[in-house]
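# Structural overview for review
Chain by chain, the residues run as shown.
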Amino acid sequence: MARFLSKCCYRSLSSKVGPGLTKLPVPGDYRNPLKILKGDILGRESKVIVPRESDVIIIGGGLIGSSVAYWLKQRNPKGFSCTVIEKDLSYSKAASVQSMGYLSTHFMHPQYMRLAMYCREFLEDINDKLSVLDEKPPDIEFTPMSHLTLATSSGLELLTDMYAVQKEAGVDVNLLSSEQIKSQFPWMNTDDLECGLLGLRNEGLFNPVALLAALRNKAISLGVKYVEGEVIGMELENKATAYATEGVIEEPFIQYINVLKDKFIHPIRTLFLVNAAGANAARVAEYAKIGVKSGTRADLRIPLPISERKLSLFLIHCPNGPTLDLPIISDPVSGIHISRRGLGGDYICHSHILEAEEVNANTTDEINESFYHEKLLPALIHRIPAFKESELKGGWCSRYDYNYEDEHLIIGNHHHHKNMLFASGSGIHAPLFAPGIGRAIMENVIDEGYRSVQLDEFSFTRFLIDRNIPYLRVS
């Protein structure tokens, strides 16, 4: 953070204000006491709860943004101010409260496995980390449950490699043949399977809503300010920064963000900006001219490759289905994921792979029942024949941030706007990755580099040099 604390000169930048909106003065214009008094008389000051300056601003107050806020302030509670801008603090449509909380280390990429292992460690110590004085300790409703990832003969090598990586990292897993799977789970059809990877310990389900509430509550207790408003623009400036070896260099700098709240546009000056806006991250980046095709330099025309995707989660009742012996099942053969809910014959099932193939999948907030009956249910019956007697009870939809370039995380500084950091692309794994991503952003800001899990390969810079990261998926 020290590299951005050198003194620099700012100039006020104008921006267009839409009809019916009032833009408040930028920091500095309120220093005249007559103007302050005038604001009080007009009733403006009593309504303005948006700070005019904040050392760090986080756009997006979901799991990722709240984790970043918590980690920054727990590292140095009094050292700097931190503000989270969230469009809807009721989180009525937020991916963070509509997603599934899986605790699993079943990833091919070792960095993802390390993020998942840290989530397990974080949740084990959640009472020490997120408890607030005079309040009940957080309860994330963790349910231990093994996790089984299946593979055909074409996925045998990949799953074997995953097994070796996990065993080396100390994860308690077993590699099962199709015969062993059938013996342990006799209700499963294994005719097309070659093997399976079974996680035995420290895996299961947790409540992402409870985790979000705990992170947010702890962050607020440490001094983080949450503001309900919408970011509608940014104001950019070059900043003179002194380096020991290179001298004084003019660097592009995000000077202000403009936040719309109650028909007022509030400019907030900042030193660091973290884009954790989920599916809206690309639109937020465009305010900094990232991805704008005209009037910008060539490298700025490359967009943040994040789009919104829909995930339908179906609640199924099957009175004769497996119960305690059902692990969380990831079936890459058909793309389905299934887990039980309690012991009453209820299950949650989804397939982000099959649903991504649907035409116009994102056009409605309703679950797609035809997709369930035509694609997902046949795949489910193929794997677990008992679901022939199941019925669809309901479900809900989640919308997540999807990296359409290589499906991986995008994290760290932008190469041009050095005071903007990305925390995007975690997708359906946001509840699992949130603790580790928050810690990583904190290390990037304060320590100027990753210390715990090396995530440099997931920087935005890879899109400048066409070095996308292969996404390895078991089949």
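Residues numbered from 1 in each chain as written. Predicted model: local features only at pLDDT ≥ 70, side-chain atom pairs only at ≥ 80, totals over all residues. Heavy atoms only, no water.

Attention now moves to unusual backbone geometry. Positive phi is not limited to glycine here, since aspartate 262 has a value of about 55°. Mapping aspartate 262 onto the fold places it in the loop between strand 12 (247–261) and strand 13 (264–275). Relative accessible area serves as the criterion here: at 54%, aspartate 262 is assigned to the exposed category. Positive phi values are uncommon outside glycine, yet glutamate 448 reaches one of about 60°. (Helix = DSSP H or I, 4+ residues; strand = E, 2+ residues; numbered from the N terminus. Buried < 20%, exposed > 50% of the residue type's maximum accessible area, 1.4 Å probe, protein only.)

Another point: the sheet that holds strand 5 (residues 143–144). One open sheet holds the three strands; their spatial order is 4-9-5, and the pairing between them is antiparallel. Of all the strands in the sheet, just strand 4 (102–103) and strand 5 have a single pairing partner and so form its edges. One ladder, built from two bridges, connects strand 5 with strand 9 (residues 204–205); its direction is antiparallel. Bridge pairing in strand 9 links proline 144 to glycine 204. (Pairing = 2+ DSSP bridges.)

What follows deals with the sheet that holds strand 16 (residues 336–341). Read from one edge to the other, the open sheet built from eight strands follows the order 7-8-6-15-16-17-14-18, with strand pairing classed as mixed. Because the sheet does not close on itself, it has two edges, and the strands there are strand 7 (173–177) and strand 18 (391–403). On average, each strand axis in the sheet is inclined to that of its neighbour by 20°, with strand direction left out of account. Inspection of the sheet shows strand 7 paired to strand 8 (residues 195–199) by five bridges, in the antiparallel sense. Bridge pairing links asparagine 174 to leucine 198 in strand 8. (Axes fitted to C-alpha atoms, helices over the stretch in contact; angles between N-to-C directions.)

In total, this model carries 10 salt bridges according to the counting rule given. Aspartate 331 is the salt-bridge partner of arginine 383, the closest N and O atoms lying 2.8 Å from each other. With arginine 383 in helix 12 (residues 369–383) and aspartate 331 in strand 15 (residues 328–331), this residue pair connects regions lying 52 residues apart in the sequence. Grouping residues by exposure puts arginine 383 and aspartate 331 together as buried. The structure contains a network of salt bridges with shared partners spanning Asp192, Asp331 and Arg383. (Salt bridge = Lys/Arg side-chain N within 4 Å of Asp/Glu carboxyl O.)

This part covers the packing of helix 3 (residues 63–75) against helix 9 (residues 208–221). Running from amino to carboxyl end, helix 3 crosses helix 9 at an angle of 35°, the nearest separation of the two axes being 9 Å. In the crossing of helix 3 with helix 9, the sense of the turn from one axis to the other is left-handed. Residues Leu63, Ser66, Ser67, Ala69 and Tyr70 of helix 3 touch helix 9, and the partners they reach there are Pro208, Leu211, Leu212, Leu215, Arg216, Lys218 and Ala219. Here the residues of the contact of helix 3 with helix 9 sort into eight nonpolar, two polar and two charged. (Left-handed = near helix turned anticlockwise from the far one by under 90°. Contact = heavy atoms within 4.5 Å. Nonpolar A, V, L, I, M, F, W, Y, C, P; charged D, E, K, R; others polar.)

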